[in-house]
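Spelled out from the first residue to the last, the chains are:
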Amino acid sequence: MAPRYTAPKGTFDVLGPRSARYAALVARFADHAARSGYDLLVQPMFEDVEVFQRMGASTDVVRKEMYDFEDKGGRHVALRPEGTASAVRAYLEHHPTPPWKIWYAGPKFRYERPQKGRYRQHHEVGIEAIGTADPDLDVEVIALASAFYADLGLRRLTLRLTSLGDSVCRPPYRQALHEYLSARRDELCAEHADRVGDNPLRILDCKRDACIAAAEAAPRLLDNLCEDCDAHFTRVRAGLDAAGIAYDIDRSLVRGLDYYTRTTFEFAALALDAAQNAAGGGGRYDGLVEELGGPVTPGIGFGLGIERILDACDAEGVFPEPTDRLDVFVIDTTGGAAARDATLLLRAAGVRADRSFDGRSWKAQMKEAQRSGARFAVSIDADGMTVRTLTEKGEPQPVTAVTLVDSILERLQ
Ligand code: HAM
């Protein structure tokens, strides 16, 4: 029978064993973040809508994709479409000592047209580091993402890197680009012909043939950086070279959010379809703290999409789902009380144990044990208690309720 209700469009349930992979991925990321001095930040999933509107009015994320609504108290709030603006809001609220280095994990909400790799609720792990403009921090941030991907086993990733300049060099460049593209407005794709003024830089990243041709000889920001931005970018590249992190300079990289300044990057998973192959991205946002009402404060970070990373892992055959979810499965044909007591004892001793319910037959319980992924089955019947290995052939060995826990712990060593 078709279910009466299904998950909302663009969202999905994550069941075991894939959900165990989500948890393992987040744990792995937490380890990398902790090793580099980042603390976990736990945040609300919704904010005053203005927190996100401050990111820039010309981006699709803010203009079209926000899940915003009025709550019962008449406040206009939005489910967070991304993590950076919320982190900056928290920085301004709590005044932590800079540099403030945090990591996060959790869902983000964007009202997008759902397709493979693009959802209305996706999940990210990410970091933000607020309070220093030191270019060596940019290297640390990129190195963290890069080491994390490598640790998962991903090999087919490229790092696209650019500098988007700052408040000194970007405005005159933007003006020059605007003039250049306005003169070629008729040659641009339908979406961008009307929007040259919104953010002319985004047109450089348009994948449609018309825009690619029209912008081919357009001036590029990398050739027009001011002295400070140029020095910053040179130091970042030197740091990445020293760390042995390969990158491609991408003169058309813009990214979908407006707050980026200076170092900006994206990791593309080559195993995925080109349209949705950004497995993560980030960069500096040296003007965002000010935009949200704070003093001039630099910041940098990234967000990595968990679904896209897991898709890339599937495509590359790495970071498989964990298979050893249980140590012991208890089978009991004497009424269930013995299984109840044995599983509680085993769990108290740190053993991962499960059992069958509803007084099923020995055969049915054995099937459950085999399906459970447990290494051992403890079988309890009128003749007593035995332990057998499920993962390989072997004779059942007798144990007693008194020796059970020690015997299992010994086998698990
Ligand atoms: P973003 O590139 O918009 O950046 O999102 C980060 C990552 O989340 C993307 O690279 C992609 O892997 C994943 N992602 C984004 N939207 C979707 C979607 N609809 N479905 C599936 N996956 C998606 C940011 O949000 C910035 N806050 C990153 C950042 C942090 N920059 C500085 N600090």
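This text goes with the structure placed above it.
Residues numbered from 1 in each chain as written. Predicted model: local features only at pLDDT ≥ 70, side-chain atom pairs only at ≥ 80, totals over all residues. Heavy atoms only, no water.

Draft legend 1. The arrangement of the environment of Asn277 in detail. When you line up the elements, Asn277 lands in the loop between β9 (261-269) and β10 (278-284). Taking the C-alpha atoms as reference points, Asn277 and Arg308, 31 residues apart in sequence, are found 7.3 Å from one another. (Helix = DSSP H or I, 4+ residues; strand = E, 2+ residues; numbered from the N terminus.)

Draft legend 2. Structural context of the sheet that holds strand β15 (residues 384-389). If you walk across this open sheet you meet the five strands as β13-β12-β14-β15-β16, and the pairing is mixed. One side of each edge strand has no neighbouring strand; the edge strands of this open sheet are β13 (353-355) and β16 (397-399). The average undirected angle you get between the axes of adjacent strands in this sheet is 30°. In terms of strand pairing, strand β14 (residues 376-381) meets β15 through six bridges, oriented antiparallel. Each residue of the ladder has a partner; that of Phe376, found in β15, is Thr389. (Pairing = 2+ DSSP bridges. Axes fitted to C-alpha atoms, helices over the stretch in contact; angles between N-to-C directions.)

Draft legend 3. Quick peek at the site of the ligand. Neighbouring the ligand are 27 residues, the closest being Glu82, Glu112, Glu128, Tyr260 and Ala278. A distance of 3.2 Å separates an oxygen atom of the ligand from a polar backbone atom of Gly305. Taking 650 Å² as the accessible area of the ligand by itself, protein coverage stands at 96%. Contributing elements (two or more residues each) for the shell around the ligand: β6 (121-130), β10 and β11 (299-305). Of the residues forming the shell around the ligand, the biggest block, six residues, is contributed by β10. (Near = heavy atom within 4 Å. Polar contact = N/O pair within 3.5 Å; in protein donor to acceptor, adjacent residues only side chain to side chain. Areas by Shrake-Rupley, 256 points an atom, 1.4 Å probe, with all protein chains shown as cover.)

Draft legend 4. Fine view of the sheet that holds β11. Read across the open sheet, the eight strands follow the order β1-β5-β6-β11-β10-β9-β7-β8; overall the sheet is mixed. Two strands bound the open sheet, and with one partner strand each, they are β1 (39-40) and β8 (248-249). Relative to β11, β10 runs antiparallel, the two being bridged by five bridges. When the sheet's bridge partners are listed, Arg284 is paired in β11 with Ile300. Docked against the sheet, helix α12 (residues 306-316) engages β6, β9, β10 and β11, running at close to 55° with respect to β11. (Contact = heavy atoms within 4.5 Å.)

Draft legend 5. The arrangement of the nonpolar core in detail. Formed by 92 residues in total, the largest nonpolar core has its most connected members in Leu25, Phe29, Tyr38, Tyr149, Phe302, Leu304 and Ile309. Ranked by residue count, the leading element in this core is helix α5 (residues 135-152), at nine residues. Those residues in contact with Ile309 that sit more than four places away from it in its chain are Leu25, Phe148, Tyr149, Leu152, Leu154, Ala279 and Leu304. With 16 residues, the next largest nonpolar core counts Val330, Ala353, Val405 and Ile408 among its residues. (Core = buried A, V, L, I, M, F, W, Y, C linked by side-chain atoms within 4.5 Å. Buried < 20%, exposed > 50% of the residue type's maximum accessible area, 1.4 Å probe, protein only.)

Draft legend 6. Representation of unusual backbone geometry. Residue Pro17 is bonded to the preceding Gly16 through a cis peptide linkage, with omega at 5°. Looking at where Pro17 falls in the secondary structure, it is placed in the segment before α1 (18-35). Pro99 follows Pro98 through a cis peptide bond whose omega is -5°. Locating Pro99 in the fold gives a position in the loop between α4 (84-94) and β5 (100-109). Positioned with a positive phi, Arg262 is a non-glycine residue whose angle comes to about 45°.

Draft legend 7. Structural detail: the environment of Phe29. On the secondary structure map, Phe29 appears in helix α1. Those residues within four positions of Phe29 in sequence are excluded, and the remaining contacts are Trp103, Val125, Gly126, Ile127, Leu144, Phe148, Phe302 and Leu304.

Draft legend 8. Examining the packing of aromatic side chains more closely. Under the defined criterion, the tally for this structure stands at eleven aromatic pairs. Here Phe29 and Phe148 contribute two aromatic rings whose centre-to-centre distance is 5.1 Å and whose plane-to-plane angle is 85°, an arrangement assigned as edge-to-face. Linking Phe29 in helix α1 with Phe148 in helix α5, this pair joins segments that are 119 residues apart in sequence. In this structure Phe29 comes out as buried when scored by relative accessible area, which is 0%. On the basis of an interplanar angle of 40° and a centroid distance of 6.2 Å, the ring pair of Phe148 and Tyr149 is categorised as tilted. According to the relative accessible area criterion, Phe148 is buried, its value standing at 0%. Here Tyr149 falls in the buried class, since its relative accessible area comes to 1%. (Phe/Tyr/Trp six-rings, centres within 6.5 Å; stacked < 30°, edge-to-face > 60°.)

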